[in-house]
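A structural walkthrough
These are the residues of each chain, in order.
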Amino acid sequence: MGQSLKGNPRFRAYPASYNGIHDVFFMPKNKQLDVRAITASVYKKYPGVLDIIRPRPNKLRVTAKDRMQANAIAADPSYTEDYRVHIPGGLVEVVGVIDDLDYPLEDILKYGQGAFLHQSSPRVKVLEVKKLYASSAVDGKKVFRETSSLRITFEGTVLPNTLYIEGFRVPIRRPFVQKIACCTKCRQIGHSEPYCTNSVKCGKCKGSHSTSECKAETQKCIHCKQEWHEMSLCSVYRKKQSEHKRAVLQNTRGLYADVLKSTSSVNPFDNLSLLEGNEPLPNMASLIGVKRLHTTRVPNKKTIKKKY
């Protein structure tokens, strides 16, 4: 769980370095999607929009002609007043975790930059800083305590190796993996209640009432079919969370491999000499985008058969 430097949701925008498709998504907020009205308005106000599609009843995707148009649509108050209009974070930003850093959040946001091992790679902007909290159960209630770890969001989609701030660098230990949301209204995995357009469903008996109001004699998790438990203990939820974490880690390795290929250095490990002698070396496999480095195996003497 994280605590933001600012309470209001942060606006996301496509940076000048982004070269992909410029999509903007509409979802219900204060009212249901009026697809017909939104479509007519977008085409009228923003000539050149490439496509508008409704992939699901509660989601509309607008493909803009360029980043300037996409950013303007995402910030248009005539849409944001009634709908959740956003640019997916995975397209424009990446999040990492730094451990044991006692530094003012405001200064990290103001002076910090993401830096890569290859000095030819430009540094990237810090977009957001949050403290991380750990949870524990006290007298049957979940209690959160502040940790010394920070969650830092950077511009772009490649996670930097270090945070560069006021002349020194701090290693970014790992990518941050967001927990998958579970709706407390319909109990589906993958979205949260503020953006839910489904009917109320009980997580214990599938009845049309909230889970907290369930009075059924037999109460089981609607996902794993086992005796009722908190969502964090559900085997189905845990499997989805594990798959999500694996995808984030693999995506991070692959994107950094692309950065290495785009540099002029012949040896991708040239800049490892920039690390201090006591600083732990980064995972070599992660630097080249593969699961492991294969070496030639020397057979055990006991496994060598003599030929007569």
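Residues numbered from 1 in each chain as written. Predicted model: local features only at pLDDT ≥ 70, side-chain atom pairs only at ≥ 80, totals over all residues. Heavy atoms only, no water.

Moving on, we come to the overall build of the chain. The number of helices and strands found in the chain is seven helices and twelve strands. Counting all 308 residues of the chain, 35% fall into the buried class. For the chain, the share of sequence-separated contacts (at least 6 apart) that also reach a separation of at least 24 residues comes to 60%. Per element, the accessible surface of the chain, about 19,700 Å² overall, is 50% carbon and sulfur. (Helix = DSSP H or I, 4+ residues; strand = E, 2+ residues; numbered from the N terminus. Buried < 20%, exposed > 50% of the residue type's maximum accessible area, 1.4 Å probe, protein only. Contact = heavy atoms within 4.5 Å. Areas by Shrake-Rupley, 256 points an atom, 1.4 Å probe, with all protein chains shown as cover.)

On inspection of all chains with the given rule, the structure shows five salt bridges. Where Asp 99 meets Arg 174, a salt bridge forms, and the shortest distance between an N and an O atom there is 3.1 Å. Of this pair, Asp 99 sits in the loop between strand S6 (93-98) and helix H5 (105-111) while Arg 174 sits in strand S12 (residues 174-175), and the two are 75 residues apart along the sequence. (Salt bridge = Lys/Arg side-chain N within 4 Å of Asp/Glu carboxyl O.)

It is worth spelling out the packing of aromatic side chains at this point. On inspection of all chains with the given rule, the structure shows four aromatic pairs. Chaining the aromatic ring pairs together yields one cluster made of Phe 26, Tyr 79 and Tyr 83. The lysine or arginine in question, Arg 123, covers the ring of Tyr 164, its NZ or CZ lying 3.7 Å from the ring centre. (Phe/Tyr/Trp six-rings, centres within 6.5 Å; stacked < 30°, edge-to-face > 60°. Lys NZ or Arg CZ within 6 Å of the ring centre and 35° of its normal.)

Right, let's get into the sheet that holds strand S5 (residues 83-86). Strand order across the open sheet formed by four strands is S3-S4-S2-S5, with antiparallel pairing between neighbours. Each of the sheet's edge strands pairs with one partner strand only, and the pair in question is strand S3 (51-56) and S5. Across the sheet, the mean angle separating the axes of adjacent strands is 20° when strand polarity is ignored. The strands touched by helix H1 (residues 35-45) are strand S2 (22-28), S3, strand S4 (59-64) and S5; relative to S3, the strand with the most contacts, the crossing angle is about 155°. Packed onto the sheet, helix H2 (residues 67-75) meets S2, S4 and S5 and runs at close to 15° relative to S2. (Pairing = 2+ DSSP bridges. Axes fitted to C-alpha atoms, helices over the stretch in contact; angles between N-to-C directions.)

Chain-level pLDDT for the chain is 80 on average; 78% of the residues reach the 70-or-more range. Predicted confidence is poor over residues 1-8, with pLDDT under 50, and the contacts of this stretch with residues over four places away or in other chains come to 18 contacts. Note that residues 263-298 has pLDDT below 50 and, in this model, 49 contacts with residues that lie over four places away or in other chains. (pLDDT = per-residue confidence, 0-100.)

Time to look at the nonpolar core. In this structure, Val 24, Phe 26, Val 42 and Ile 73 are the most contacted members of the largest nonpolar core, which totals 21 residues. Sorting the residues of this core by element identifies S2, H1, S4, H2 and S5 as the ones contributing at least two each. Once you skip the residues sitting within four places of it in the chain, Ile 73 turns out to touch Val 24, Phe 26, Val 42, Tyr 46, Val 49, Val 62, Ala 64, Tyr 79 and Val 85. With 19 residues, the next largest nonpolar core counts Leu 101, Ile 108, Val 124 and Leu 163 among its residues. (Core = buried A, V, L, I, M, F, W, Y, C linked by side-chain atoms within 4.5 Å.)

This part covers the side chain of Asp 23. The topology assignment puts Asp 23 in strand S2. Arg 61 provides the closest opposite charge to the buried, unpaired Asp 23, separated from it by 4.1 Å. Excluding its chain neighbours within four sequence positions, the residues that come into contact with Asp 23 are Tyr 14, Arg 61, Val 62, Thr 63, Ile 87 and Pro 88. (Lys, Arg positive; Asp, Glu negative; His and termini not counted.)

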